[in-house]
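So you can see what is in the structure, the chains are spelled out below.
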Amino acid sequence: MRKLTYYIACSIDGFIGDPEGDASAMYAFVDEEFLGFLVAEYPETISTPGRRQMNIDDLPNKRFDTIVQGRGSYDIALKEGITSPYAHLREYVASRTLGESPDPNVEIIADDLVGRVRALKAEDGELGIYLCGGAELAGALVDEIDELVIKTYPIVQGSGMPMFGSGFAITQFALESVRSFGNGVLVRTYSRKR
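Read on for a plain summary of the structure. The structure displayed is predicted, hence computed values, not measured ones. (Residues numbered from 1 in each chain as written. Predicted model: local features only at pLDDT ≥ 70, side-chain atom pairs only at ≥ 80, totals over all residues. Heavy atoms only, no water.)

### Regarding the overall build of the chain
Thought 1: Tallying secondary structure elements over the chain gives five helices and ten strands in all.
Thought 2: Taken over C-alpha atoms, the radius of gyration comes to 16 Å for the chain, in line with the 16 Å a tight globule of 194 residues would show.
Thought 3: Dimensions of the chain, computed from the C-alpha atoms along their principal axes, are close to 45 × 40 × 35 Å.
Thought 4: Burial status across the chain gives 45% buried among its 194 residues.
Thought 5: Long-range pairs, those at least 24 residues apart, make up 68% of the contacts in the chain between residues at least 6 apart in sequence.
Thought 6: Surface summary for the chain: the accessible area is close to 10,000 Å², and the carbon and sulfur share equals 51%.
Thought 7: Both charge centroids of the chain, one from 19 positive and one from 29 negative side chains, sit 5 Å from each other. (Helix = DSSP H or I, 4+ residues; strand = E, 2+ residues; numbered from the N terminus. Rg over C-alpha atoms; globule rule 2.2 N^0.38 Å. Buried < 20%, exposed > 50% of the residue type's maximum accessible area, 1.4 Å probe, protein only. Contact = heavy atoms within 4.5 Å. Areas by Shrake-Rupley, 256 points an atom, 1.4 Å probe, with all protein chains shown as cover. Lys, Arg positive; Asp, Glu negative; His and termini not counted. Charge placed at Lys NZ, Arg CZ, Asp CG, Glu CD.)

Right, here's the structure in full:
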């Protein structure tokens, strides 16, 4: 069974962006040390245009071969004219409103999101599935998430888009590791308690 990993950036108070979902306040913390970690440990989570700009397009996928993202996350790329932002992965976009995919490499999941993600998890393979956000998507898939990788940036937002857009329910995870960086960023990894 392949793992579904919610790999997400957030503020100290648990917001992944401002009320509209803009996470640009966190970009300032992607310094040389932290970027080196991301490239070494999670190279496939860097978008294809970002990989090309950094001259790392040939790095093999280390942890994931598939990405599932929400319409809001995908729209960020579409607004830049990028229809396949993670061309080095199998790309799925959860959207009831997008209709036809603008790119042959991107499959739209319009119905039965949980069923489709369960089918992806049941596939044979060494690499897992990268859940890219946003809050509504993570809330809809909370019962399917096997691992959390939370990049916590040293800022407090006070309000904004939460990590999970779902109703109240307690779901337990076990802390696996914590890595700290000189810029104040923490990367915490949790596995789901089943």
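### With respect to the pairing of strand 7 (residues 147–153)
Thought 1: Burial within strand 7 is extensive, with seven of its seven residues counted as buried.
Thought 2: Neither face of strand 7 is exposed, since Glu147, Val149, Lys151 and Tyr153 on one face and Leu148, Ile150 and Thr152 on the opposite face are all buried.
Thought 3: By the bridge criterion, seven bridges tie strand 1 (residues 4–11) to strand 7 in an arrangement that is parallel. When the sheet's bridge partners are listed, tyrosine 7 is paired in strand 7 with valine 149. (Pairing = 2+ DSSP bridges.)

### A look at the nonpolar core
Thought 1: Ranked by size, the top nonpolar core spans 24 residues in total, and within it Tyr6 and Leu131 carry the most contacts.
Thought 2: The set of elements that each furnish at least two residues to this core consists of strand 1, strand 4 (90–94), helix 4 (113–122), strand 6 (128–133), helix 5 (135–140) and strand 7.
Thought 3: Considering every element that reaches this core, the biggest residue donor is strand 1, with four residues.
Thought 4: Excluding anything up to four places from it in sequence, tyrosine 6 contacts Ile16, Leu131, Gly133, Gly134, Ala138, Ile145, Glu147, Leu148, Val149, Met163 and Phe164. (Core = buried A, V, L, I, M, F, W, Y, C linked by side-chain atoms within 4.5 Å.)

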